[in-house]
Amino acid sequence: MMQISSDSASNKHSLINVMHRFIAAANNMDETIMVPSLLRDLPLEEQAASQLEANNNNNEPPCPNKQRDMYEHYLLLKSIKNDMEWGLLKREMSSGASFLEMAVKQEEQQPVTGELQDVSSDLEHQFHYHLRGLFGVLSKLTLQADDLTNRYKREIGGGNFMR
């Protein structure tokens, strides 16, 4: 079993802490939102503002398949948290293959072209690219979970008796 040193756990910019912050925000959201169905048909704040601006600029109706209400957003955040805590479970897509199995199968099917590249530098580049992306996505998801929790408190009026 891998031990995490106390130095990396105390670094506020470590991946582990970014993950912990998102999971804590998602847990807080889950504990606060006692009746998730009340979020149905409540537009996201940034979505409502952008729709209003778009309607003023080009008089086109918003695209209905891109619209999300707070309930769908809540389910998305909760699903991502569960995937992070439990790993990627078997999916019904691709005859029950997990995402990892699908990625390995796709990698095996790609033809080998030309000479072999320096695999270690390519892997290092890929790692840093995805690590930066993961930091950005987790930071945004943490903010969204906090915003959804605060909006629920405002809309439903649960802020008075919550911890």
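Residues numbered from 1 in each chain as written. Predicted model: local features only at pLDDT ≥ 70, side-chain atom pairs only at ≥ 80, totals over all residues. Heavy atoms only, no water.

The condition that has to hold: UniProt positions are given in the numbering used here, feature names are shortened, and annotations may be inferred rather than shown by experiment.
As named in an unreviewed UniProt entry, the chain is Mid1-interacting protein 1, taken from Amphiprion ocellaris. Of the chain, the UniProt comment under Sequence similarities (unreviewed entry) reads exactly: "Belongs to the SPOT14 family."

Section: a nonpolar patch on the surface
The criterion, for reference: Surface patches are drawn from residues lacking salt bridges whose relative accessible area is over 30%; two like charges belong together within 9 Å, two nonpolar side chains (Val, Leu, Ile, Met, Phe, Trp, Tyr) within 5 Å. Reported accessibility uses the Shrake-Rupley method at a 1.4 Å probe radius. Residues are deemed covered only where the shown protein chains occlude them. The salt bridge definition used is simple: a Lys or Arg side-chain nitrogen within 4 Å of an Asp or Glu carboxyl oxygen. Put simply, DSSP marks the helices as runs of H or I at least four residues long and the strands as runs of E at least two long, and each gets a number from the N terminus on. Residue burial is assigned from relative accessible area. The probe radius is 1.4 Å, only protein chains are included, and a residue is buried under 20% of its type maximum, exposed over 50%, and partly exposed in between.
Together, M34, V35, L38 and I156 give the surface a local cluster of nonpolar side chains, amounting to about 360 Å² of exposed area. Secondary-structure assignment places I156 in helix α7 (residues 119-156). Taking relative accessible area as the criterion, I156 reaches 36% and is therefore assigned partly exposed.

Some points on helix α2 (residues 15-32)
For clarity, the cut-off: Helix span, as expected, comes to 1.5 Å for every residue beyond the first.
Here α2 contains 18 residues, and its C-alpha end-to-end distance of 26 Å stays within 8% of the 26 Å for a straight helix at 1.5 Å per residue. When we look at burial in α2, the residues that qualify are N17, V18, F22, I23, A25, A26, M29 and T32.

Here's the deal with the nonpolar core
Inclusion rule: As used in this record, nonpolar core signifies buried Ala, Val, Leu, Ile, Met, Phe, Trp, Tyr and Cys residues forming a set joined through side-chain atoms within 4.5 Å. Throughout, a contact is declared for two residues whenever any of their heavy atoms are within 4.5 Å.
Judged by nonpolar contacts, the single largest core of 19 residues is most densely connected at F22, M29, I33, L39, L77 and L148. If you list the elements that add at least two residues to this core, you get α2, α4 (70-86) and α7. Counting residues per element, this core draws most heavily on α2, at six residues. Sequence-distant contacts of I33, that is, excluding residues within four places in its chain, are made with L39, Y74, L148 and Y152.

Section: unusual backbone geometry
Not every positive phi belongs to a glycine, and D41 is a case in point at roughly 65°. Relative to the helices and strands, D41 is located in the loop between α2 and α3 (45-58).

Points about the environment of R132
On the secondary structure map, R132 appears in helix α7. Residue class for R132 comes out exposed when judged on its relative accessible area of 54%. Sequence separation of R132 and L15 is 117 residues, and the distance between their C-alpha atoms is 9.8 Å.

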